[in-house]
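Examination of the molecular architecture
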Amino acid sequence: MRLLENSRVLDDILAGQPILPVLSITRESDILPMADALAAAGITNLEVTLRTPLGLGAIRLLASERPQLCVGAGTVLDARQFQSVLDAGARFIVTPGTTDELLALGLDSPVPLLPGVATASEIMRGYRLGYRCFKLFPAEICGGVKLLKALAGPFHDVRFCPTGGIGPERLPDYLALDNVVAVGGSWMAPRDLIESGDWQAITRLCRQVPRRR
Ligand SMILES: O=C(O)C(=O)C[C@H](O)[C@H](O)COP(=O)(O)O
């Protein structure tokens, strides 16, 4: 998507809910019940990573069986994966870092790209191409709330989806920042609850998410 269009569409998607669940699927039978557990708490945006071999199939399944959800693809590392998640029906694409190849693909993509950054220089590489919305990763390690406050100075028109190491206790501090569009994380679908199939507990965890101040 050209220039500011990418970031406008992303902002429209992500601003609709304060958290972006990041799911890594390890059992096929979990996919639909997990998505339904999130949806029961009002979650419509979610990111499925390619960290596991089931990731791509999960995106395809959710795109066809739960079209009301906005399912993005995460951990997209190269052009081949970029094309495969587009083919699977991903509605947005998330990368942990940036490469020139991925930034260029995002400009011509039919769905928006959320490029991962950790430094001002990486933001500047995307900014000059028109990107205004980035994933800050790994957020807690690379500076978290303090870094986001510092970045608001030079990049007043940039918004971030910080992800990585952010649990529910730190969430309010991030959501209080004007340059945070949503906060990503995996905490709302913990492994033990998924393994035991405790979908109601996952719904309850998502319902505890604070509203934006
Ligand atoms: O693999 C990727 O490209 C990612 O997308 C990284 C995930 O966003 C974070 O690992 C989620 O962070 P946690 O909430 O700390 O689990």
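Definitions and cut-offs
- Here the residue index of a chain counts from 1 through its sequence in written order.
- Totals for whole chains, interfaces and linings use every residue, but because this is a predicted model, local features are given only for residues with pLDDT of at least 70 and side-chain atom pairs only at 80 or more, for both listing and counting.
- Strands are runs of DSSP state E lasting at least 2 residues, helices are runs of H or I lasting at least 4, and numbering of each runs from the N terminus.
- In this setup the radius of gyration rests on C-alpha atoms only. A globule is expected at 2.2 Å times the number of residues raised to 0.38.
- Counting other C-beta atoms within 10 Å of its own, a residue is labelled buried from 20 upward, exposed at 12 or fewer, and partly exposed in the gap between, with every C-beta atom placed from the backbone.
- Nearness between a residue and a molecule or strand is assessed with a C-beta atom placed from the backbone; a distance within 6 Å qualifies.
- Each residue gets one of three labels, nonpolar for Ala, Val, Leu, Ile, Met, Phe, Trp, Tyr, Cys and Pro, charged for Asp, Glu, Lys and Arg, and polar for the others, Gly among them.
- For our purposes the nonpolar core covers buried Ala, Val, Leu, Ile, Met, Phe, Trp, Tyr and Cys residues that link as a set through C-beta atoms within 7 Å.
- Should DSSP find at least two bridges between two strands, the strands are taken to pair.
- Helix axes are fitted to C-alpha atoms over the stretch in contact, other axes to C-alpha atoms as well, and angles between N-to-C directions run from 0 to 180 degrees.
- Any angle from 65 to 115 degrees is called roughly perpendicular, while one under 35 is roughly parallel, one over 145 is roughly antiparallel, and all others are oblique.
- Two residues qualify as being in contact provided that their C-beta atoms, derived from the backbone, are within 7 Å of each other.
- Think of it as the arc spanned by the lines of direction from the helix axis to the C-beta atoms.

For the chain, the count of helices and strands is eleven helices and nine strands. A compact globule built from 213 residues would reach a C-alpha radius of gyration of about 17 Å, and the chain, at 16 Å, matches this within 12%. Dimensions along the principal axes, computed over C-alpha positions, put the chain at roughly 45 × 35 × 25 Å. Every one of the 213 residues in the chain was classed for burial, and the buried ones make up 40%.

Right, let's talk about the environment of Phe 82 for a bit. Inspection of the secondary structure assignment puts Phe 82 in helix 4 (residues 79-88). With 21 C-beta atoms counted inside 10 Å, the residue Phe 82 sits in the buried group. As for Phe 82 and Thr 203, which are separated by 121 residues in sequence, their C-alpha atoms are 30 Å apart.

Right, let's get into the site of the ligand. Close to the ligand lie 14 residues, the nearest being Gly 74, Thr 75, Pro 96, Gly 185 and Ser 186. Looking at the shell around the ligand residue by residue, the class counts come to four nonpolar, nine polar and one charged.

Next up on the list: unusual backbone geometry. Cis geometry is adopted by the peptide bond preceding Pro 138, which originates at Phe 137 and carries an omega value of -10°. One can find Pro 138 in the loop between strand 7 (133-136) and helix 7 (139-142). Here Thr 75, not a glycine, exhibits a phi torsion of approximately 60°, which is positive. Among the structural elements, Thr 75 can be located in the loop between strand 3 (70-74) and helix 4. Look at Thr 75 and you get partly exposed, because 19 C-beta atoms sit within 10 Å.

Turning our attention to the nonpolar core. Counting residues in each nonpolar core, the largest one holds 62 residues, and the members touching the most others are Met 34, Ile 59, Ala 73, Ala 90, Ile 93, Leu 114 and Phe 134. If you tally residues by element for this core, the top one is helix 2 (residues 31-40), at five residues.

For strand 1 (residues 19-23), the buried fraction is high: five of the five residues fall into the buried class. The alternating pattern of strand 1 places Ile 19, Pro 21 and Leu 23 and Leu 20 and Val 22 on opposite faces, both of which are buried. Direction of pairing for strand 1 relative to strand 9 (residues 183-185): parallel, over a ladder of three bridges. Each bridged residue has a counterpart across the sheet, and for Pro 21 the counterpart in strand 9 is Gly 185. In this sheet, strand 2 (residues 45-49) lies alongside strand 1 in parallel orientation, the contact comprising two bridges.

Interhelical geometry of helix 3 (residues 55-65) versus helix 4 gives an angle of 25° and a closest axis separation of 8 Å. In this view, helix 3 runs roughly parallel relative to helix 4, as classed from their interaxial angle. On helix 4, the residues touching Leu 56, Ile 59, Arg 60 and Ala 63 of helix 3 are Ser 84, Val 85 and Ala 88. Looking at the contact of helix 3 with helix 4, its residues break down into five nonpolar, one polar and one charged.

What follows concerns the environment of Gly 130. Mapping Gly 130 onto the fold places it in the loop between helix 6 (120-127) and strand 7. Distance in space between the C-alpha atoms of Gly 130 and Ser 7 is 8.1 Å, their sequence separation being 123 residues.

On to the sheet that holds strand 6 (residues 116-117), then. Paired through backbone hydrogen bonds, the strands of a sheet run either parallel or antiparallel to each other. Ordered in space as 6-7-8, the three strands form an open sheet in which the pairing is parallel. This sheet does not close on itself; its edge strands, each paired only once, are strand 6 and strand 8 (159-162). As defined by bridge partners, strand 7 adjoins strand 8 across four bridges and the pair is classed as parallel. Looking across to strand 8, one finds that Cys 133 is bridged to Arg 159.

Those residues of helix 4 that sit buried are Phe 82, Val 85 and Ala 88. Angular distribution of buried residues about the axis of helix 4 spans 130°; they occupy a single face of the element. In helix 4, the exposed positions that point more than 90 degrees away from the buried face belong to Arg 80 and Asp 87. Buried residues along helix 4 sit against helix 3, strand 3, strand 4 (93-94) and helix 5 (100-108). One or two residues past the end of helix 4 sits Gly 89, with phi positive at roughly 100°.

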